[in-house]
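Now for the letters of each chain:
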Amino acid sequence: MGKSENIVWHESKVTKADREKLNGHKGAVLWFTGLSGSGKSTISVEVEKELHARGIHTYRLDGDNVRHGLNKNLGFSPDDRKENIRRIGEVSKLMVDAGLVTLTAFISPYREDRDNIRELLGDREFIEVFVKASVETCESRDPKGLYKKARAGEIKGFTGIDAPYEEPVNPEITVDTDKQTLEESVQQIVEYFIG
Ligand SMILES: Nc1ncnc2c1ncn2[C@@H]1O[C@H](COP(=O)(O)OS(=O)(=O)O)[C@@H](OP(=O)(O)O)[C@H]1O
Ligand SMILES: Nc1ncnc2c1ncn2[C@@H]1O[C@H](COP(=O)(O)OP(=O)(O)O)[C@@H](O)[C@H]1O
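Just so we're clear, the structure is a prediction, and the values are computed from it rather than from any experiment.

Procedures and definitions
- Residues numbered from 1 in each chain as written.
- Chains lettered and ligands numbered in written order.
- Predicted model: local features only at pLDDT ≥ 70, side-chain atom pairs only at ≥ 80, totals over all residues.
- Heavy atoms only, no water.
- Near = heavy atom within 4 Å.
- Polar contact = N/O pair within 3.5 Å; in protein donor to acceptor, adjacent residues only side chain to side chain.
- Areas by Shrake-Rupley, 256 points an atom, 1.4 Å probe, with all protein chains shown as cover.
- Helix = DSSP H or I, 4+ residues; strand = E, 2+ residues; numbered from the N terminus.
- Buried < 20%, exposed > 50% of the residue type's maximum accessible area, 1.4 Å probe, protein only.
- Arc of directions from axis to C-beta.
- Axes fitted to C-alpha atoms, helices over the stretch in contact; angles between N-to-C directions.
- Parallel < 35°, antiparallel > 145°, perpendicular 65-115°, else oblique.
- Left-handed = near helix turned anticlockwise from the far one by under 90°.
- Contact = heavy atoms within 4.5 Å.
- Nonpolar A, V, L, I, M, F, W, Y, C, P; charged D, E, K, R; others polar.
- Pairing = 2+ DSSP bridges.
- UniProt positions renumbered as here; feature names shortened; annotations may be inferred.

Chemist: Is there a simple way to explain the site of ligand 2 in this structure?
Modeler: Around ligand 2 sit 14 residues, and of these Gly-37, Lys-40, Ser-41, Thr-42 and Gln-180 come closest. Between an oxygen atom of ligand 2 and a main-chain N or O atom of Ser-38, the distance comes to 3.3 Å. Contact between ligand 2 and Arg-141: a nitrogen atom at 3.5 Å from a side-chain N or O atom of the residue. In the complex, 74% of the free accessible area of ligand 2, which totals 580 Å², lies under the protein chains. By residue number, the principal contributor to the shell around ligand 2 is helix α2 (residues 40–53), which donates three residues.

This is the structure:
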């Protein structure tokens, strides 16, 4: 880190404010965080659809997808997860600068890493969405069969089993998918965002 030297920021003639004016809305990040199987992908897909239908320019970044490309050199050690989230924070900032409402769906298990992104973007542009669900619920859903593998010892350091998940302390939005339906969670997030 910090290896770039002799670099100078170059301003554009089209500003972030110009792009936001053209779009008719501001950029922001809806940062979904939660255990594997809590519902981050499912809910963020539906929220994006609803926002798009309202004329909002969106883009969604998803853990599984980003790890196929940009972050394919990263695994699941604490350091790799930290670097994964740092890069996504930086990509999100670029997307917000481009005027987009960006939805990210990453476990992002460490509070400090999420707080760093809040600092990078500022409170107005960083909306933390805690997708809450017990490990028991996630394990019973097990959409990819990963909990089963983790219990069998075939995956080491699986979040919620033998790797930590630090719950947000003061998220802007909490959806509890143990108790709420998908539709209720989507509606709650869209209403918060649209106002
Ligand atoms: N060890 C371990 N722990 C947790 N998850 C694992 C692991 N190995 C693979 N997977 C799969 O990778 C997805 C999580 O990737 P993320 O980039 O969101 O993780 S992190 O934020 O860097 O912790 C996660 O996807 P989701 O289920 O969508 O959360 C899993 O499918
Ligand atoms: N109330 C609910 N809210 C969201 N997802 C739910 C709910 N009940 C069951 N599910 C299911 O749980 C699974 C969540 O998986 P996914 O969205 O991939 O989670 P994550 O992205 O957090 O790993 C999906 O198969 C979804 O259909």
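Chemist: Which parts of the structure should I look at to understand the side chain of Ser-108?
Modeler: Along the polypeptide, Ser-108 turns up in the loop between β3 (101–105) and α5 (111–121). Residue Ser-108 is classed as buried on the basis of its relative accessible area of 2%. Here Phe-106 takes part through its backbone oxygen, which lies 2.9 Å from a polar atom of the side chain of Ser-108.

Chemist: Just to check I follow, could you spell out α5 for this structure?
Modeler: For an α-helix the count is 3.6 residues per turn, leaving residues at separations of three or four pointing the same way. All of the buried residues along α5 are Asp-113, Arg-114, Ile-117, Arg-118 and Leu-121. An end-on view of α5 places all buried positions within 145° of arc, on one side of the element. Those residues of α5 that are exposed and aimed more than 90 degrees away from the buried face are Glu-112 and Glu-119. Just downstream of α5, Gly-122 is the residue with a positive phi angle, here 95°.

Chemist: I'm lost on the packing of α2 against helix α8 (residues 182–194) in this one. Help?
Modeler: In a packed pair of helices, the relevant descriptors are the angle between the two axes and the axis-to-axis distance. One can describe the packing of α2 onto α8 by two numbers: an axis separation of 9 Å at closest approach and a directional angle of 50°. As the angle between them shows, α2 and α8 are arranged oblique. Handedness of the crossing formed by α2 with α8: right-handed. Within the contact between the two elements, α2 uses Thr-42, Ile-43, Glu-46, Val-47, Glu-50 and Leu-51 and α8 uses Leu-182, Ser-185, Val-186, Ile-189, Val-190, Phe-193 and Ile-194. Its residues placed into classes, the contact of α2 with α8 shows nine nonpolar, two polar and two charged.

Chemist: Just checking my understanding: could you explain the pairing of strand β4 (residues 126–132) for this structure?
Modeler: Residues in a regular strand project their side chains so that they alternate between the two faces of the sheet. Counted residue by residue, β4 has six buried out of seven residues, so it is predominantly covered. The sheet contact formed by strand β1 (residues 28–33) and β4 spans five bridges and is parallel. The partner of Phe-32 across the bridge, within β4, is Val-129. Taken together, the four bridges between β4 and strand β5 (residues 173–176) define a ladder with parallel strand orientation. Looking at the pairing, Val-129 lines up with Ile-173 of β5.

Chemist: I would appreciate a short explanation of the UniProt feature "binding site: ATP" (unreviewed entry) in the protein chain in the present structure.
Modeler: UniProt feature "binding site: ATP" (unreviewed entry): in the numbering of this structure it lies at Gly-34, Leu-35, Ser-36, Gly-37, Ser-38, Gly-39, Lys-40 and Ser-41. Of note, Ser-36 is situated in the loop between β1 and α2. With residues near it in sequence (within four places) discarded, Ser-36 still touches Ile-107, Cys-138, Tyr-147 and Phe-158. Setting aside its immediate chain neighbours within four residues, Ser-38 contacts Val-131, Ala-133, Cys-138, Arg-141 and Thr-177.

Chemist: Any chance you could explain the UniProt feature "active site" (unreviewed entry) in the protein chain here in plain terms?
Modeler: UniProt's entry tags Ser-108 with the feature "active site" (unreviewed entry), counted in the numbering of this structure. Filtering out sequence-adjacent residues up to four positions away, Ser-108 remains in contact with Trp-31, Phe-32, Thr-33, Ile-85, Arg-114 and Tyr-165. Among the polar contacts listed, one links the side chain of Ser-108 to the side chain of Trp-31, at a separation of 3.0 Å.

Chemist: Would you mind going over the packing of helix α4 (residues 78–97) against α5 with me for this structure?
Modeler: Here α4 crosses α5 at 20°, and the two axes come no closer than 10 Å. Taken together, α4 and α5 sit at an angle that is classed as roughly parallel. Crossing handedness for the pair α4 and α5: right-handed. Together, Lys-82, Ile-85, Gly-89, Glu-90, Lys-93 and Val-96 of α4 and Glu-112, Asp-113, Asn-116, Ile-117, Leu-120 and Leu-121 of α5 make up the contact between the two elements. Here the residues of the contact of α4 with α5 sort into five nonpolar, two polar and five charged.

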